[in-house]
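# Tertiary structure, described
What follows is each chain in one-letter form.
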Amino acid sequence: MSNTDSFIEEVTEEVRRDKLFALMRKWGWLAGLIIFGLVGGAAYNEWSKARAQAQAQAFGDAVLAGLAGDANPTLLEELPTADANQELVKTLLLASTGAVDGADRAETAAALQTLAETDGLPPLYRQLALLKAQMSGGTGDGARDTRILEELATPGTPFRPLAIEQQALRQLEAGNASGAITLLQQLLEEPGATDTLRRRALQVIVALGGNPTPA
């Protein structure tokens, strides 16, 4: 390569660098803005997911605590809901917590049963409504209530321990103490049972004259 060719190549390369620097000076801010937007958008998306997950977890924990009798109604009232289904469940759960006489319990059970039969209700909320309806007195049809509790007590369902407790209470209502003790003993050995549920089961077993076997 001649000196002339080398000189031309160096000049061309210098011109390219000058053009590139000029473009960077002119449009660099735009590239930075795009990168900032992408990074910021990704961070916001992750924050939104984490926030939604935390809210869902808080709602689920509060509902489970309410079902187990450990919830503070005031705190449950203040619990934020993420959608209309959660709002319905919270409202009816609060209503059933305040139902003390037979008429109120019957109305609450009917409302919860109606909610459970709502088209499009997520399975988790359907099962929750069914369970709370049973805890408020059931449908009034013994055979139907038995089938509902059997469904809710199926292994792997989210409210199985609470459904087993309700089955035991139904056995007691029917005068079948031995059947109730068997179910309560099963509840003591249930992996998903809370300490509160286990304490209640233990107390009832002892009150019935049973000999509880530790889990």
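Residues numbered from 1 in each chain as written. Predicted model: local features only at pLDDT ≥ 70, side-chain atom pairs only at ≥ 80, totals over all residues. Heavy atoms only, no water.

## Some details on the pattern of salt bridges
Taken as a whole and assessed by the stated rule, the structure comprises six salt bridges. Residue R126 pairs with E151 through a salt bridge whose shortest N-O separation is 2.7 Å. Within this pair, whereas R126 is found in helix α5 (residues 123-135), its partner E151 is found in helix α6 (residues 142-152), the two being separated by 25 residues in sequence. Classification of E151 by relative accessible area gives partly exposed; the value is 32%. Taken together, the shared-partner salt bridges in this structure form one network comprising D145, R170 and E173. (Salt bridge = Lys/Arg side-chain N within 4 Å of Asp/Glu carboxyl O. Helix = DSSP H or I, 4+ residues; strand = E, 2+ residues; numbered from the N terminus. Buried < 20%, exposed > 50% of the residue type's maximum accessible area, 1.4 Å probe, protein only.)

## Section: the environment of T157
Turning to its location among the elements, T157 is positioned in the loop between α6 and α7 (160-173). Linking T157 and L124, residues 33 residues apart in sequence, is a C-alpha distance of 8.9 Å. Excluding residues within four positions of it along the chain, T157 makes contact with Q127, E151 and L152. There is a polar contact of 2.6 Å between the side chain of T157 and the backbone oxygen of T154. (Contact = heavy atoms within 4.5 Å. Polar contact = N/O pair within 3.5 Å; in protein donor to acceptor, adjacent residues only side chain to side chain.)

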